[in-house]
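Chain by chain, the residues run as shown.
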Amino acid sequence: MGTEWKRKVSLFDVSDDYEASLSALFTRLSRVSINGAAAAANPPPINPWSGRPYSARYLKLLEKRRELPVWRHKDEFLRALRDNRTLILVGETGCGKTTQIPQFVLDAEDLGNHSAVACTQPWRLAAVSVARRVAQEMDVAIGEEVGYSVRFKHLCSYKTVLKYLTDAMLLREAMADPLLEKYKVIILDEVHERTLATDVLFAHLKAVLKKRPDLKLVVMSAALEVEKFQGYFSGAPLMKVHGRLHPVDIFYTQEPERDYMEAAIRTAVQIHMCEPAGDILVFLTGEGEIEDACWKINMEINNFGDHVGPVEVVPLYSTLPLAMQLKVFEPGPPSLRGGPPRRKIVVSTNIAETSLTIDGIVYVIDPGFTKHKVYDPRIRVESLLNSPISKASAHQRAGRAGRTRPGKCFRLYTGKSFNEDLQQQTYPEIFRLNLAYTVLTLKKLGIDDLVHFDFMDHPAPETLMRALEVLNYLGTLDDEGNLTHLGEMMSEFPLDPQMSKMLVMSPKYNCSNEITTIAAMLSDLNHLVYVWHLYYFDCNITMCKQSARFLVSPNCFLRPREARKAAGEARSRFGHIDGDHLTLLNVCHWYKQNSKSSTYDYFINARALKYADKVRRQLVGIMTRLGLKVCSTDFNSRVYYVNIRKALVAGYFMQVAHREQNGHYLTVKDNQIVHLHPSNSMDHKPEWVFFDEFVLTTSNFIRTVTDVRGEWLIDIAPHYYDLSNFPLCEAKRALEKLYGKREREASVTRVRRLYLTPPAAP
DNA sequence: GAGCACTGC
């Protein structure tokens, strides 16, 4: 301990010296006390957290912890924490900041017996696995003194003093308790990821710090853009901790490569022929490229015959079935003594950049591209663009080569290009995503003035305007920009506003049961499976954080490459001719009745459906809490599907396209030419459709599309289909006719009433 | 005629 700072010694106080002596004591005990006599004479020290004696594992872990680079900075950190309300800690992968810093904070702060320290992570798996690890390190049961809170899973108790949670979850907590009063110290970890939730928390917590003098904030990040963080947090002190990775030699090309695919394949083959043993990881942008490259690498190497060792080329991307994904973890072919090296070549998307760690990789090939989701508020389209990676990404990719031993990274671009062309960081999400959901969150947090809100990076004004416009049309915000009663209800759902709107409206159409199912199926089905979690858990915390993530295909329909046709046929069995939303409902119904039978025979992704069911239960819980009836129209009723489609329109009336005379579809108001995505299940091309998403890939596609009647649009959303505010187009003329028809119907009704209704008694 | 990666009381 530093001499200038005499800490208050409490029961919770575990100083370095104390732990060192404890460690020595236990070493002695374990040596002499086989028969227990010595142990009885020297009772082992009591863990102040649990009130029980420390276990042997505690000491084993303690020794490992003390080797972490961050331990050398413990005193410095505690001093900085005492003297400042905000501080920034920069530490490279493997320095131990995520597990140790929160424990240091517990050592420093005199806390009550309620949850007082929160540490955020961008990913659920990280929050859960780190919490479990830290519970072991503190020798307490998970869910007691150390807990976690992520979507669908909360493991905390009244005893919890340290809680790991996702950043989005802390934001959710802030919506109910804006000052976050139950926390004394909030640690935001992995802030360089710049998730939307982290960015919002930055600004919100900055404001909370002004209102709560007792709150402290620790911001932790990997390297890069440190000055920016420091500037934003008005010069908060900065601590740097170095990590422990093996060195990686980086090679650039002399000249820019014209064809990065060809260059990547050539480099892989060269490494295999010339470099010593060690597996290769190649980064490409998508499934098509990856399958292509795998085939070509195999071909070229096979052409060399027996002169070179055999290779196993393994593709890796998220929509690959799980069993295939797991192949990347199998060891490659063993090398024969004296023979040429054999090796495994993994060809992967970005998934291998941060999401999972593969043992044995020594060579990385980085062509410098990735696919990115980009939102254009002008045309309201999210598209996938093949674009250059950032320096931070390149750094991360290179690091994949140095995890087990010194490695090499081959960048297929020039050093000049790296220095001059690549962005420092990947664009933060706040620049790239549709902000409707985020703006609703901010409104719920009580932030009125979005334009002057203290974002670290301000989103484009158009994106904010679009979000406000959408929320206004949905009835979430009134014309002054205040949250309406409807908006209050919508903000309770962890869903896009269109979806929360259709949920809130669905009881009115007597189909909230079905709408809840469809919402669950539509909400992003990517989710994490904790396959390797326990296996890696005791080995290495960094691996545990990053190894265990496998994606479920984002779609409930499987389409294995080798069985496309069969998959298509199986899918058509579920197809509903009125549209994909109803098809999703069919799949769910089928699964509920047949969950025991082999889903794979029907090319149905059972894990996606299980996940959807989890989401559904959560949504039903929220509905019930809000007093919204969970009900269904009789399945045999003529209006069963009609009601469902109408309820969907109540949310999706802004995402509608109209078929023109020439057969093309134009989106309403924006007049974008779009095509029905070939995966749609309709047997016809309806005049009007609504859609879930507009994606720009090989063409302008609208995906997840359902037939809607024009009359419903003007009945359900007359404020949006107000013709005085509509560009001249075929859709407008079609709507004019519909309004005319409605007007005639109305006058007939008036006449009937006039003549047929008996006059009311005076 | 088709699929980068993640997340949410």
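Quantities reported herein were computed from a predicted structural model and do not represent experimental measurements.

(A) The pattern of salt bridges, seen in detail. For the structure shown, the criterion picks out 32 salt bridges. A salt bridge links Glu-137 to Arg-133; the shortest N-O distance between them is 3.2 Å. One end of the pair is Glu-137 and the other is Arg-133, both in helix H6 (residues 124–138) and 4 residues apart, which spans about a single turn. Arg-133 matches Glu-137 in its accessibility class, with the two residues each being buried. Asp-366 is paired through a salt bridge with Arg-397; the nearest N and O atoms lie 2.7 Å apart. A residue pair is termed long-range when its members are at least 10 positions apart, and Asp-366 in strand S13 (residues 361–366) and Arg-397 in helix H14 (residues 391–399) qualify at 31 residues.

(B) A look at the pairing of strand S20 (residues 688–696). In terms of burial, S20 is a largely internal element, 7 of the 9 residues being buried. Judged from the 3 bridges that link them, strand S17 (residues 656–659) and S20 form a sheet pairing that is antiparallel. Among the inter-strand pairings, Ala-657 is bridged to a residue of S20, identified as Val-689. Of the strand pairs in this sheet, S20 and strand S21 (residues 700–707) are connected by 7 bridges, and their pairing is antiparallel. Paired with Phe-694 across the bridge in S21 is Ile-702.

(C) Examining a nonpolar patch on the surface more closely. There is a patch of nonpolar side chains on the surface, built from Val-751, Leu-754, Tyr-755 and Leu-756 and spanning about 510 Å² of accessible area. Here Leu-754 lies in helix H29 (residues 730–756). Judged by its relative accessible area of 66%, Leu-754 is exposed.

(D) Examining the state of the cysteines more closely. Going through the model one piece at a time under the given rule, you end up with 0 disulfides. For Cys-156, which is in no disulfide, the shortest distance to another cysteine sulfur is to Cys-119 and amounts to 13 Å. Judged by relative accessible area, Cys-156 falls into the partly exposed class, the value being 33%. Cys-294 takes part in no disulfide bond, and the closest cysteine sulfur, belonging to Cys-409, lies 19 Å away.

(E) Local environment of the nonpolar core. By size, the foremost hydrophobic cluster in this structure holds 117 residues, and its most contacted members are Ile-186 and Tyr-721. Apart from residues lying up to four places away in sequence, Tyr-721 is in contact with Phe-653, Val-656, Val-668, Leu-713, Ile-714, Phe-726, Leu-735 and Tyr-739. The next biggest cluster of nonpolar side chains, apart from the first, holds 41 residues, and it includes Cys-95, Ile-101, Val-146 and Leu-162.

(F) Here's a closer look at the packing of aromatic side chains. Going through the model one piece at a time under the given rule, you end up with 23 aromatic pairs. A ring pair is formed by Phe-77 and Phe-104, whose centres lie 6.3 Å apart and whose planes are at 50°; its orientation type is tilted. Here the residue Phe-77 occupies a position in helix H4 (residues 74–83), and Phe-104 occupies one in helix H5 (residues 97–108), the gap between them amounting to 27 residues. The two residues Phe-77 and Phe-104 agree in class, both being buried. Sitting over the ring of Tyr-232, Lys-206 keeps its end group 4.0 Å from the ring centre. In this arrangement the basic side chain of Lys-669 is found over the ring face of Tyr-720, its NZ or CZ atom lying 3.9 Å from the centre.

(G) Broad picture of the sheet that holds strand S9 (residues 248–252). Strand order in the open sheet made by the 6 strands is S9-S16-S13-S10-S12-S11, with parallel pairing throughout. Both outer strands of the open sheet, S9 and strand S11 (311–316), are each paired with one neighbouring strand and no more. Across the sheet, the mean angle separating the axes of adjacent strands is 20° when strand polarity is ignored. Against the sheet, helix H10 (residues 260–274) contacts strand S10 (279–283), S11, strand S12 (343–348), S13 and strand S16 (407–411), and its axis sits at roughly 155° relative to S13. Here H14 sits on the sheet and contacts S9, S10, S13 and S16; the angle it forms with S16, its principal contact strand, is near 140°.

(H) View of the environment of Asp-715. Structurally, the position occupied by Asp-715 is in helix H28 (residues 710–716). As a C-alpha pair, Asp-715 and Ala-650 span 65 residues in sequence and 9.9 Å in three-dimensional space.

(I) Layout of the packing of helix H25 (residues 580–594) against helix H27 (residues 640–652). Orientation of H25 relative to H27, taken along the N-to-C sense of each, is 120°, at an axis distance of 11 Å. In terms of orientation, H25 and H27 fall into the oblique class. Considering how the two elements wind past one another, H25 and H27 form a crossing that is right-handed. Residue-level inspection shows His-581, Leu-582, Leu-585, Asn-586 and His-589 of H25 in contact with H27, the latter providing Tyr-640, Tyr-641, Ile-644, Arg-645 and Leu-648. Taken together, the residues of the contact of H25 with H27 sort by class into 6 nonpolar, 3 polar and 1 charged.

The rules behind each value
Residues numbered from 1 in each chain as written. Chains lettered and ligands numbered in written order. Predicted model: local features only at pLDDT ≥ 70, side-chain atom pairs only at ≥ 80, totals over all residues. Heavy atoms only, no water. Salt bridge = Lys/Arg side-chain N within 4 Å of Asp/Glu carboxyl O. Helix = DSSP H or I, 4+ residues; strand = E, 2+ residues; numbered from the N terminus. Buried < 20%, exposed > 50% of the residue type's maximum accessible area, 1.4 Å probe, protein only. Pairing = 2+ DSSP bridges. Patch = residues over 30% accessible without salt bridge, like charges linked within 9 Å, V, L, I, M, F, W, Y side chains within 5 Å. Areas by Shrake-Rupley, 256 points an atom, 1.4 Å probe, with all protein chains shown as cover. Disulfide = S-S within 2.5 Å. Core = buried A, V, L, I, M, F, W, Y, C linked by side-chain atoms within 4.5 Å. Contact = heavy atoms within 4.5 Å. Phe/Tyr/Trp six-rings, centres within 6.5 Å; stacked < 30°, edge-to-face > 60°. Lys NZ or Arg CZ within 6 Å of the ring centre and 35° of its normal. Axes fitted to C-alpha atoms, helices over the stretch in contact; angles between N-to-C directions. Parallel < 35°, antiparallel > 145°, perpendicular 65-115°, else oblique. Left-handed = near helix turned anticlockwise from the far one by under 90°. Nonpolar A, V, L, I, M, F, W, Y, C, P; charged D, E, K, R; others polar.

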